[in-house]
Amino acid sequence: MTPLRTGIVGAGVMGMAHAAAISELGEFELAGLCDVDHEKVEAAAAKIGVPAFTDHTELVRADRLDAVLIATPHYFHPTVVEHAFANGVHVMCEKPIAVHVRDAQRMIDAHAGSGVQFGVMFQMRTNPLFRTVHELVASGALGELQRTSWIITNWYRPQAYYDMGGWRGTWKGEGGGVLINQCPHQLDLMQWICGMPVRVRAHCRLGARHDIEVEDDVT
Ligand SMILES: NC(=O)c1ccc[n+]([C@@H]2O[C@H](COP(=O)([O-])OP(=O)(O)OC[C@H]3O[C@@H](n4cnc5c(N)ncnc54)[C@H](O)[C@@H]3O)[C@@H](O)[C@H]2O)c1
């Protein structure tokens, strides 16, 4: 099998974790790294021996790319994804797909007919625990679900996490807090296993447990 030539946009925590994972998989060939932070991307790319870019359009244009993995802060996902589709490049985008529903819908519409693959990173679905629960429910072994309760407390982030990068925990940089960043994994698992809700009622508390302006407690 010819390895998939893959570029990574966003050389931060997740981008570099993906770079390390990709380098261990024979199915992929890391073709380049892109980050708006020039020094960061030059250093990271030099370490793994791939070209560095500061503009995602140059990464896509520079060499025959098959796929791009997007690990930028949320607001940049739509632009990078849509540019990749327009250039016939497969996309794996970090969650959340976008901050605004209208952006997400535009991305889904742009994907239709593009002829490339589009995935959003919901790696929790590969966890054997959740796969087993999914299979158990889907098989009907438990009968019809009448009521489900899904409580998550172990995705708590300390204040140091929010202080780590300027975009985290802000409306302008992140577009929300725990609901847009950590919860998408839980909401995805819950609807995957239990089905879509008919009606939703929710409440959030802004900065309840951290010095941040966005929601950090959601029920
Ligand atoms: N799947 C998961 O479990 C998981 C875990 C953590 C983060 N994430 C997601 O990964 C994404 C990145 O998070 P992170 O923790 O790696 O953030 P980070 O701040 O560590 O890294 C983001 C990088 O993107 C760069 N960047 C910003 N704008 C850019 C642009 N327009 N083009 C290129 N690079 C740009 C920044 O300079 C930074 O280096 C977010 O969408 C986040 O929600 C997913």
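These numbers were taken from a predicted model, which means no experiment stands behind them.

Concerning the site of the ligand
Residues in contact with the ligand amount to 23 residues; listed here are only the nearest, Met14, Asp35, Lys40, Gln123 and Trp167. In the environment of the ligand, an oxygen atom lies 2.6 Å from a nitrogen or oxygen atom belonging to the side chain of Asp35. Measuring from an oxygen atom of the ligand, one finds a backbone N or O atom of Thr72 at 3.2 Å. Here the ligand has 850 Å² of accessible area as a free molecule, and 87% of this is covered by the chains. Of all the cavities here, the one that holds the ligand is the second largest pocket. Split by residue class, the shell around the ligand holds ten nonpolar, eight polar and five charged. Both domains that meet at the shell around the ligand, namely domain 1 (4-121) and domain 2 (124-218), each give it at least three residues.

Quick notes on the layout of surface pockets
Looking at the largest pocket, its volume works out to about 2,000 Å³. At the level of secondary structure, the elements contributing two or more residues to the lining of the largest pocket comprise helix H8 (178-181), helix H9 (183-194) and strand E8 (215-218). Across the lining of the largest pocket, the residue classes tally to 26 nonpolar, eleven polar and nine charged. Counting contributing residues per domain, the lining of the largest pocket is built from domain 1 (4-121) and domain 2 (124-218), each supplying no fewer than three. The computed volume of the second largest pocket comes to approximately 940 Å³. Ala71, Thr72, Pro73, Trp167 and Arg168 are, among the 37 residues lining the second largest pocket, the residues nearest its centre. Counted by class, the lining of the second largest pocket contains 15 nonpolar, 14 polar and eight charged residues. Residues lining the lining of the second largest pocket come from more than one domain, with at least three contributed by each of domain 1 (4-121) and domain 2 (124-218).

Side note on the domain arrangement of the chain
The domain boundaries assigned to the chain delineate domain 1 (4-121) and domain 2 (124-218). For domain 1 and domain 2, the distance between their C-alpha centres works out to 24 Å. Every contact between the two is made by nine residues of domain 1 and, on the other side, eleven residues of domain 2. Taken together, both faces of the contact between domain 1 and domain 2 bury some 760 Å²; the carbon and sulfur share is 64%.

Examining the side chain of Lys95
Turning to its location among the elements, Lys95 is positioned in the loop between strand E5 (90-93) and helix H5 (101-111). Within the buried set, Lys95 has no salt-bridge partner at all; the shortest N-O distance to an opposite charge, 5.4 Å, is to Glu94. At a separation of 2.7 Å, a polar atom in the side chain of Lys95 contacts the main-chain carbonyl oxygen of Asn181. Leaving out residues up to four positions away in the same chain, Lys95 has contacts with His74, His77, Val120, Met121, Phe122, Asn181 and His185.

Cut-off values and rules
- Each chain has its residues counted from 1, following the order in which its sequence is written.
- Only residues with pLDDT of at least 70 get local features here, since the model is predicted, and only at 80 or more are side-chain atom pairs given and counted; chain-wide, interface and lining totals rely on the full set of residues.
- As a convention, hydrogens and water are excluded, and side-chain values are obtained from all of the structure's heavy atoms.
- Put simply, a residue is near a molecule or strand once any heavy atom of it comes within 4 Å of that molecule or strand.
- N or O atoms within 3.5 Å of each other form a polar contact, as long as, within protein, one can give a hydrogen and the other can take it, and as long as residues adjacent in sequence are counted only when both atoms are side-chain atoms.
- Values of accessible area rely on a 1.4 Å probe in the Shrake-Rupley scheme; residue burial ignores everything except the protein chains shown.
- Grid spacing is 1 Å over the protein atoms alone, the probe is 1.4 Å, and a cavity is where that probe fits but cannot get out, while a pocket is an open set with protein on both sides within 12 Å along at least five of seven lines and lining residues have an atom within 4 Å of a point.
- A pocket or cavity is taken to hold a molecule when more than half of that molecule's atoms are within 2 Å of the pocket's grid points.
- Three classes are used: nonpolar for Ala, Val, Leu, Ile, Met, Phe, Trp, Tyr, Cys and Pro, charged for Asp, Glu, Lys and Arg, and polar for all others, with Gly counted as polar.
- Note that domain bounds follow an automatic or database assignment of domains.
- Grid points are joined across faces, edges and corners, and a volume is the space filled by probe spheres set on the points.
- Numbering of helices and strands starts at the N terminus; helices are DSSP runs of H or I of at least 4 residues and strands are runs of E of at least 2.
- Any two residues whose heavy atoms approach within 4.5 Å at even a single point are treated as in contact.
- What gets called buried area is simply the loss in accessible area from a 1.4 Å probe that two parts show on being joined, summed for both.
- The rule is simple: take the accessible area with a 1.4 Å probe, protein chains only, and divide by the maximum for that residue type; under 20% is buried, over 50% is exposed, in between is partly exposed.
- Counting rule applied: Lys, Arg positive; Asp, Glu negative; His and chain ends not counted.
- A pairing counts as a salt bridge when a side-chain nitrogen of Lys or Arg comes within 4 Å of a carboxyl oxygen of Asp or Glu.

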